[in-house]
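# Structure assessment
So you can see what is in the structure, the chains are spelled out below.
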Amino acid sequence: MSVFAHLVGYLADLLQPLAHGSAAAAAIVLFTALVRLLVHPLSRAAARGQRERARLQPRITALREKHRESPEKFQKALMELHAEEKVSPLAGCLPVLFQLPAFFLLYHLFSSSAIGGEANELLGHRLFAAPLGGRWADALGDGGLFGPAGLVYLGVFAVVAVVATFNYRRTRRTMTATPAATPAASPAAGDQQVPGLGALTRVLPLLSYFTLFTVAVVPLAAALYVVTSTTWSAVERAVLYRDMPGAAPAATALA
């Protein structure tokens with residue numbers, strides 16, 4: 001933890017001439033960008049995997065029709081098809097999984113009053129008027145919704161809302177463009193439709209807005225990581241999936 005704190009402090013010192021009092025916040029944004037650059041090869045691999053799954057969709061639909069009376073046989077045939085084509089249905093999860101340690105490190109770092117037996121000096125850093133170790137509830141209690149710290153959070157919420165709306169619309173377009181890609185939308189699914197899958201399909205695009213809740217309850221430093229990462233993801237997906245409008249995955253809180 002102390003090594004990670006020194007890294008954030010070092011980046012903040014580098015950015016001090018440019019960001020001044022918000023240097024630590026700028027360091028978190030830079031750190032997040034570096035993490036996303038490291039994870040980018042996995043994101044590209046996930047995009048390639050998504051293209052392969054899109055290519056296999058006609059065969060999957062045929063398998064679903066063939067085994068419409070036996071969900072177990074369909075699942076077995078689907079696994080065999082993925083193994084034969086060397087396609088992993090979980091490849092898209094890897095970018096998120098590799099980011100989780102960085103997120104939890106930031107969360108713990110800005111939630112701890114002491115690091116290595118010494119006072120956590122990072123808690124004194126701010127993004128404008130809002131402490132990086134504070135939460136939205138603290139801002140509401142110190143000046144209210146339109147107080148100095150409250151206005152910082154309103155700005156953060158505005159960015160999150162814009163990105164979430166972009167992801168929501170993209171996910172809706174994806175699901176509209178490929179209704180056959182989900183068993184809930186395919187008449188051939190028949191008895192194989194998973195109970196509740198139709199409702200999940202309708203709710204899935206709305207998960208983009210879950211980021212608003214995350215930003216509201218975590219320390220501002222961790223919120224900056226989430227905002228930066230989700231914004232990066234929105235741009236990255238728009239580029240990686242630009243030639244396959246029917247294969248872009250749904251957004252996640254950290255993706």
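Residues numbered from 1 in each chain as written. Predicted model: local features only at pLDDT ≥ 70, side-chain atom pairs only at ≥ 80, totals over all residues. Heavy atoms only, no water.

### What to know about the overall build of the chain
Selection criterion: Every helix listed is a DSSP run of H or I at least four residues long, and every strand listed is a run of E at least two residues long, numbered separately from the N terminus. Type-normalised accessible area, obtained with a 1.4 Å probe on protein chains alone, sets the label of each residue: buried when under 20%, exposed when over 50%, and partly exposed for intermediate values. Whether two residues are in contact is decided by their heavy atoms: any pair within 4.5 Å suffices. Calculation of accessible area relied on Shrake-Rupley with a 1.4 Å probe; when residues are assessed, cover is drawn exclusively from the protein chains displayed.
The number of helices and strands found in the chain is nine helices and four strands. In the chain, the succession of α and β elements from N to C terminus is α-α-α-α-β-β-β-β-α-α-α-α-α. When the 255 residues of the chain are sorted by exposure, 42% land in the buried category. When contacts within the chain are restricted to residue pairs at least 6 apart in sequence, long-range pairs at least 24 apart make up 69% of them. Within the structure as shown, the chain displays about 13500 Å² of accessible surface, and the carbon and sulfur contribution to it stands at 67%.

### Points about the packing of helix α2 (residues 23-66) against helix α9 (residues 220-240)
Put simply, the rule reads: Convention adopted: a line fitted to C-alpha atoms gives each axis, helices being fitted over their contacting stretch, and angles between N-to-C directions are expressed from 0 to 180 degrees. Should the near helix be turned anticlockwise from the far one by less than a right angle, the crossing is left-handed, and should it be turned clockwise, the crossing is right-handed. Lys, Arg, Asp and Glu make up the charged group, whereas Ala, Val, Leu, Ile, Met, Phe, Trp, Tyr, Cys and Pro make up the nonpolar group; the residues left over, Gly among them, are polar.
The N-to-C vectors of α2 and α9 enclose an angle of 35 degrees; their axes lie 9 Å apart at closest approach. Note that α2 runs across α9; the crossing there is right-handed. Of the residues assigned to the contact of α2 with α9, the class counts are 13 nonpolar, six polar and four charged.

### Considering a nonpolar patch on the surface
The condition that has to hold: Patches here: salt-bridge-free residues with over 30% relative accessible area, like charges joined within 9 Å, nonpolar side chains (Val, Leu, Ile, Met, Phe, Trp, Tyr) joined within 5 Å. By convention in these notes, a salt bridge is any Lys or Arg side-chain nitrogen within 4 Å of a carboxyl oxygen on Asp or Glu.
A surface patch of nonpolar side chains, about 380 Å² in accessible area, is lined by L140, L145, F146 and L151. Within the secondary structure, L140 is located in helix α5 (residues 136-141).

### A word on unusual backbone geometry
Here the phi dihedral of H20 falls at roughly 55 degrees; this positive angle occurs in a residue that is not glycine. Position of H20 relative to the elements: it lies in the loop between α1 (2-19) and α2. A positive phi angle is found at F128, which is not glycine, with a value near 60 degrees. F128 gets classed as exposed once you look at its relative accessible area, which sits at 67%.

### Some details on the confidence of the model for the chain
Test applied: Think of pLDDT as the predictor's per-residue confidence, scored from 0 to 100.
Residues at a pLDDT of 70 or more form 82% of the chain, whose mean pLDDT is 83. Across the chain, strand β4 (residues 130-131) holds the top mean pLDDT of 96, while helix α7 (residues 197-203) sits lowest at 60. Under a pLDDT of 50 for its full length, residues 179-197 has, in the predicted model, 32 contacts with residues more than four places off or in other chains.

### Description of the pattern of salt bridges
On inspection of all chains with the given rule, the structure shows four salt bridges. E236 is the salt-bridge partner of R36, the closest N and O atoms lying 3.1 Å from each other. One end of the pair, R36, is in helix α2; the other, E236, is in helix α9, with 200 residues separating them in the sequence. Summarising the burial analysis for this pair, R36 and E236 share the class buried. The salt bridge partner of E65 is R68, with a shortest N-O separation of 3.4 Å. Classification of E65 by relative accessible area gives partly exposed; the value is 37%.

### Here's the deal with the packing of aromatic side chains
The way to describe two aromatic rings as a pair is by their centre distance and the angle between their planes. Keep this limit in mind: Put simply, two rings from Phe, Tyr or Trp (the six-membered ring, in Trp's case) pair if the centres are within 6.5 Å, and we call them stacked under 30 degrees between planes, edge-to-face over 60, tilted for the rest.
What the rule picks out here adds up to seven aromatic pairs. Taking 5.6 Å as the distance between ring centres and 40 degrees as the angle between the ring planes, the aromatic pair formed by F210 and F213 counts as tilted. One end of the pair, F210, and the other, F213, are both in helix α8 (residues 210-217), three residues apart, so they sit about a helical turn from each other. Taken together, the aromatic side chains of F103, F104 and Y225 make up a single cluster linked through ring pairs.

### What about the nonpolar core?
Filter applied, for reference: For this analysis, a nonpolar core means a set of buried residues of the types Ala, Val, Leu, Ile, Met, Phe, Trp, Tyr and Cys, connected via side-chain atoms within 4.5 Å.
With 42 residues, the main nonpolar core has F31, L109, F110, L132, V215 and L220 as its most contacted residues. Looking at this core, the elements with two or more residues in it are α1, α2, α4 (94-109), α6 (148-177), α8 and α9. Excluding its chain neighbours within four sequence positions, the residues that come into contact with V215 are Y153, V156, F157, V160, A223, V226 and V227.

### A few points about the side chain of S112
Which entries qualify depends on this criterion: Think of a polar contact as two N or O atoms within 3.5 Å of one another; within protein, one of them needs to be a possible hydrogen donor and the other a possible acceptor, and neighboring residues in sequence only count if both atoms come from side chains.
In this fold, S112 is placed in the loop between α4 and β1 (114-115). There is a polar contact of 2.7 Å between the side chain of S112 and the backbone oxygen of H108. Excluding its chain neighbours within four sequence positions, the residues that come into contact with S112 are N120 and L123.

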